[in-house]
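So you can see what is in the structure, the chains are spelled out below.
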Amino acid sequence: MFALIPFVNAALISEIIQADPNLKLAASQLSQNPLWSTANAGITVFVPQDQYVTASANILPSGNYGYQTATRLIDYTTTIQSNYQNVNSTTGTWFIYDDYTPGVINNPEIHVRTGLRDGLVVTPYKLDNGFLYVTNIVIGPAPSLSDVLTAQGCSQYLKALSDTGLLQTLTQARGLTIFAPTDAGFTSVASQYNALTLDQKRATLLYHISGIFAPSTFLQPSFTTFSGVDIAAISKGDHVDVGVDGIFLLGDNHCASGVIHKISKLQFPSPLPSGTFTPVGITIVATPTASAAIKLEPTAAATTTQPSVAAATAKSDADGYVLNILPLFLSFFAF
């Protein structure tokens, strides 16, 4: 159940946090977050209740209590702002704010999503210096590329990156956009992939990766990839086509290396290299493992239902935030 919306017109974010017995851990951090006590700060703060911080202690760095601050207003009470937003906090961590009931004042349903898990806003506040969202999910530092690919059911693609010696470089990189095929989407073309040379495998895997950071609200019709061949991302009504026959499934799975958009099928660049392949725009620092020469063994197709797909047709205001976007998610997220 969601708590009723408290409109507290004469209070600061810090005062509400101090007064809430379920936010003692966040209250202990007030001195480190002066913006929370600054009048007219124009900020938005996401703070998990203590019980969820305690339950997530094994995944949070020491001294990290899973809260994030954005230096802009994210207003659940209006329908003018987009109900779906990629949020970048003061720590550089990206996550998703998704209001399923935009403009609803009492008992709104607001989701908060990281690359690993989906949570809810328990209580939202509209306050003098911004908005406070009390959540049932911690938002820690950005998870690794490997962790997010695994969590999103893209383990075959992850294994292929590792086997071909690409994973180390991509893990260290920042600001990437990755169109990652699901395990089922990789398995469906395993025989075609297995027949490729090592250079062709590398080109194929890097065909899914661009050095241009693009959350779903800023998708372009095409992206220059590290394979040297552009990949298309074309909005068509209620879905986005990626490559030749891929479908955009679930976007904005943020990780330390950038953003991962899950797609339905592994894509192949055209033309494939006939000889030695040299990536464009990135230098590979690792050598392939012995298993790179071993054909990928297909695994059972995933049995989970993929989230619904929708188009991302957006325009930005002067600050670069999306004001007009078709819904990206039409169903609850299943993790």
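In what follows, the structure referred to is the one given above.
Everything numeric in this text was worked out from a predicted model, so none of it was measured.

Peer 1: Looking at this structure, how should I read the pattern of salt bridges?
Peer 2: Opposite charge on two side chains allows them to pair when their charged atoms are near. The tally for this structure, following the rule as stated, stands at three salt bridges. Linking Lys236 and Asp241 is a salt bridge whose minimum nitrogen-to-oxygen distance equals 3.1 Å. Residue Lys236 is classed as partly exposed on the basis of its relative accessible area of 45%. With its nearest N and O atoms 2.8 Å apart, the salt bridge here joins Lys265 to Asp245. Placement of the pair is Lys265 in the loop between β14 (258–263) and β15 (315–316) and Asp245 in the loop between β12 (239–242) and β13 (246–255), with a sequence separation of 20 residues. The partly exposed category is assigned to Lys265, whose relative accessible area is 25%.

Peer 1: What's the story with helix α9 (residues 198–206) in this structure? I'm lost.
Peer 2: Residues three or four positions apart in an α-helix share a direction because the helix packs 3.6 residues into each turn. Along α9, seven of the nine residues are buried, which leaves the element largely enclosed by surrounding structure. Among all positions in α9, only Gln200, Lys201, Arg202, Ala203, Thr204, Leu205 and Leu206 are buried.

Peer 1: Would you mind going over the environment of Val53 with me for this structure?
Peer 2: Tracing the backbone shows Val53 in helix α3 (residues 50–55). Residue Val53 is classed as buried on the basis of its relative accessible area, which comes to 6%. Residues Val53 and Leu25, spaced 28 residues apart in sequence, show a C-alpha to C-alpha distance of 8.3 Å. Here Val53 is in contact with Leu25, Pro48, Leu60, Tyr65 and Val138, once residues within four sequence places are set aside.

Peer 1: What should I look at first to understand the side chain of Asn253 in this one?
Peer 2: Relative to the helices and strands, Asn253 is located in strand β13. Note on Asn253: relative accessible area 0%, which makes it buried. Within the local environment of Asn253, its side chain forms a polar contact with the side chain of Arg113, the two groups lying 3.0 Å apart. Discounting residues that sit within four places of it in the chain, Asn253 has contacts with Arg113, Gly115, Val148, Gln152, Gly258, Val259, Ile260 and Lys262.

Rules and cut-offs
- Residues numbered from 1 in each chain as written.
- Predicted model: local features only at pLDDT ≥ 70, side-chain atom pairs only at ≥ 80, totals over all residues.
- Heavy atoms only, no water.
- Salt bridge = Lys/Arg side-chain N within 4 Å of Asp/Glu carboxyl O.
- Buried < 20%, exposed > 50% of the residue type's maximum accessible area, 1.4 Å probe, protein only.
- Helix = DSSP H or I, 4+ residues; strand = E, 2+ residues; numbered from the N terminus.
- Contact = heavy atoms within 4.5 Å.
- Polar contact = N/O pair within 3.5 Å; in protein donor to acceptor, adjacent residues only side chain to side chain.

Function-wise, these values are silent; they only describe arrangement.
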